[in-house]
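Descriptive analysis of the structure
Take a look at the letters that make up each chain.
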Amino acid sequence: MTDATPTPATDAGSTPDAPDYDAMTRDIADVPAVEVITTVAVHLLSAAAVNLGLDKPDSEHKDLDEARKLITALAGLVTASATEISSFHAAPLRDGLKSLQLAFREASLVPDEPGQGPGEKFTGPVFG
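A brief look at the structure comes next.

Rules behind the numbers
Here, residues in each chain are numbered from 1, in the same order as that chain's written sequence. Only residues with pLDDT of at least 70 get local features here, since the model is predicted, and only at 80 or more are side-chain atom pairs given and counted; chain-wide, interface and lining totals rely on the full set of residues. Here the side-chain values reflect all heavy atoms present in the structure, with hydrogen atoms and water set aside. The secondary structure listing takes helices from DSSP runs of H or I that are at least 4 residues long and strands from runs of E that are at least 2 residues long, numbered from the N terminus. Two N or O atoms count as a polar contact when they lie within 3.5 Å, although within protein this holds only if one can serve as hydrogen donor and the other as acceptor, and sequence-adjacent residues are included solely when both atoms are side-chain atoms. Throughout, a contact is declared for two residues whenever any of their heavy atoms are within 4.5 Å. Each nonpolar core is a collection of buried residues, namely Ala, Val, Leu, Ile, Met, Phe, Trp, Tyr and Cys, held together in the definition by side-chain atoms within 4.5 Å. Accessibility here uses a 1.4 Å probe with only protein chains present; expressed as a share of the type maximum, an area under 20% marks a residue as buried, one over 50% as exposed, and anything in between as partly exposed. Only residues whose relative accessible area exceeds 30% and that form no salt bridge are eligible for patches; like-charged ones are grouped when within 9 Å, while nonpolar side chains (Val, Leu, Ile, Met, Phe, Trp, Tyr) are grouped when within 5 Å. Per-residue and other accessible areas follow the Shrake-Rupley method at a 1.4 Å probe size, with only the shown protein chains counted as cover for residues. Definition used for salt bridges: Asp or Glu carboxyl oxygen within 4 Å of a side-chain nitrogen of Lys or Arg.

**Some details on the side chain of Asn-51**
Among the structural elements, Asn-51 can be located in helix α3 (residues 33-51). Within the structure, Asn-51 has its side chain in polar contact with the backbone oxygen of Ala-47 (distance 2.9 Å). Ignoring any residue separated from it by four or fewer positions in sequence, one finds Asn-51 in contact with His-61, Lys-62, Asp-63, Leu-64, Glu-66, Ala-67 and Leu-70.

Next comes the structure, spelled out in structure tokens:
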């Protein structure tokens, strides 16, 4: 005869073979601020690149309005946090940001005036 005593895993509605997500999750307080900031920045970079159509030729995801918002948010984050995360972390983010700003300018049918492009209120005018 088997023991019918429920285990904690089965009490929660999962199987005994399911991973213990609580054990796998890091407490957010243990994550250094620089890691949180750079992770968010990389997500913004990636999302903006996809919305610019840089993920693949003839991308069906091209949406310049969404890209503008993401680039502006990235510019604000990078500009505001640069002194906090050090040049070591900020420099590559600035480079990625500038590349996106230039790609946006190239993708736009009607280019923005210098200083009026996405994020340029935080970074200043961007030139190739």
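**Observations regarding the nonpolar core**
Counting 21 residues, the largest nonpolar core has Leu-52, Ile-71, Leu-74, Leu-93 and Leu-100 as the members making the most contacts within it. Those elements that provide at least two residues to this core are α3 and α4 (64-107). Broken down by element, this core gets its largest block of residues, 14 residues, from α4.

**Some details on a nonpolar patch on the surface**
Side chains of Ile-28, Val-36 and Val-40 sit close together on the surface and give an oily, nonpolar patch of about 250 Å² of accessible area. For Val-40, the position within the fold is in helix α3.

**Side note on unusual backbone geometry**
We note that Asp-58 has phi near 55 degrees; this positive angle belongs to a residue other than glycine. Checked against the element boundaries, Asp-58 lands in the loop between α3 and α4. Note on Asp-58: relative accessible area 78%, which makes it exposed. Here the phi dihedral of Ser-86 falls at roughly 80 degrees; this positive angle occurs in a residue that is not glycine.

**Some words on the pattern of salt bridges**
Applying the stated rule across the entire model yields five salt bridges. Note that Glu-66 and Lys-69 form a salt bridge whose closest N and O atoms lie 3.5 Å from each other. With Glu-66 and Lys-69 both in helix α4 and three residues apart, the pair spans about one turn of that helix. The exposure class assigned to Lys-69 is partly exposed, which follows from its relative accessible area of 48%. Connected via shared salt-bridge partners are Asp-65, Glu-66 and Lys-69.

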